[in-house]
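# Notes for the structure review
Listed below are the residues making up each chain.
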Amino acid sequence: MFNECKYVISAVSKKQFPNENNLNEFVFVGRSNVGKSSFINALTNRKMLAKTSSKPGKTRAINFFLIDQKMYLVDLPGYGYASHSQSTRESFGDYIEEYLTDNSNLKAVFLLVDTKVGPTKDDVLMYEYLKYLNLNIVVVGTKSDKVGSTQLLKQAKNISNILNLPLNNVILTSSEKKNGFDKIIAIISSFE
Ligand SMILES: Nc1nc2c(ncn2[C@@H]2O[C@H](COP(=O)(O)OP(=O)(O)OP(=O)(O)O)[C@@H](O)[C@H]2O)c(=O)[nH]1
Ligand SMILES: [Mg+2]
């Protein structure tokens, strides 16, 4: 579905955000290490488009990827990683806020939570914040390969219970096994 995927910029301030043509944007949000960058790579079928790491806090800026000259996929820094200095953590918050508010190009926010761990306190806060901003939210469970098949439904229900949303609205994915991406692509395609 995605042919040309181009890294555009790692933005550290609003002035650097691209997209003067007002193309659709889709952003991936979640705590550090939840698998956002891996998710973008799996979605676009690229191995190294977005940089991934086993060390939390890899993505420090807001990374924009231009897809087929028609939309942007946006990789946000993760939240909830304690070992950043206080000031770094605060500026992470600023980026996220600046990016998410007053952005009419932003069509959907994919909130990624770890399927096995379930939504953390930070995830719940982020979900509430996204709702408050009236954004179109898609809740995604990541790393579903780490959960046995008999536990998958239970973990999906756990996510839907904690976030208080219908079970059908929780999409479980594995970037490693490339599972669940047909649903994500269908959602993105529905905005074209
Ligand atoms: N088993 C498994 N591991 C995964 C999956 N997706 C990501 N990982 C691993 O989880 C770790 C973190 O992945 P990243 O994609 O870098 O996570 P991130 O959310 O971008 O992290 P930050 O940039 O720090 O916010 C890496 O070691 C990945 O290999 C998955 O679907 N299955
Ligand atoms: Mg990342």
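Only a predicted model underlies this, so the values are computations on that prediction, with no experimental measurement involved.

## Some thoughts on the pairing of strand β3 (residues 62-67)
When you tally the buried positions in β3, you get five out of six residues, the bulk of the element. Sheet topology places strand β1 (residues 5-11) next to β3; six bridges connect them, and they run antiparallel. Paired with Ala11 across the strands is Ile62, a residue of β3. As defined by bridge partners, β3 adjoins strand β4 (residues 71-75) across five bridges and the pair is classed as antiparallel. Note that in β4 the partner of Leu66 across the bridge is Tyr72.

## Overview of the sheet that holds strand β7 (residues 170-172)
Read from one edge of the open sheet, seven strands run β1-β3-β4-β2-β5-β6-β7, paired in mixed fashion. Two strands in the sheet have a free side with no partner beyond their single neighbour: β1 and β7. Taking each pair of neighbouring strands and ignoring which way they run, the sheet shows an average axis angle of 25°.

## Re unusual backbone geometry
Phi at Asn19 is positive, roughly 85°, even though this residue is not glycine. Note on placement: Asn19 falls in the loop between β1 and β2 (24-30). For Asn134, which is not glycine, the phi torsion reads 60° and is therefore positive. Residue class for Asn134 comes out exposed when judged on the 7 C-beta atoms lying within 10 Å of it.

## A short note on the nonpolar core
Core analysis: the biggest nonpolar cluster contains 40 residues, and Val27, Phe28, Val29, Val74, Phe110, Leu111 and Leu112 have the highest contact counts within it. Element by element, the count of residues in this core is highest for strand β5 (residues 106-114), at six residues. In this structure Phe28 touches Lys36, Phe39, Ile40, Val74, Asp75, Leu76, Phe110 and Leu112, once residues within four positions along its chain are discounted.

Calculation notes
- Residues numbered from 1 in each chain as written.
- Chains lettered and ligands numbered in written order.
- Predicted model: local features only at pLDDT ≥ 70, side-chain atom pairs only at ≥ 80, totals over all residues.
- Buried ≥ 20, exposed ≤ 12 C-beta atoms within 10 Å, placed from the backbone.
- Helix = DSSP H or I, 4+ residues; strand = E, 2+ residues; numbered from the N terminus.
- Pairing = 2+ DSSP bridges.
- Axes fitted to C-alpha atoms, helices over the stretch in contact; angles between N-to-C directions.
- Core = buried A, V, L, I, M, F, W, Y, C linked by C-beta atoms within 7 Å.
- Contact = placed C-beta atoms within 7 Å.

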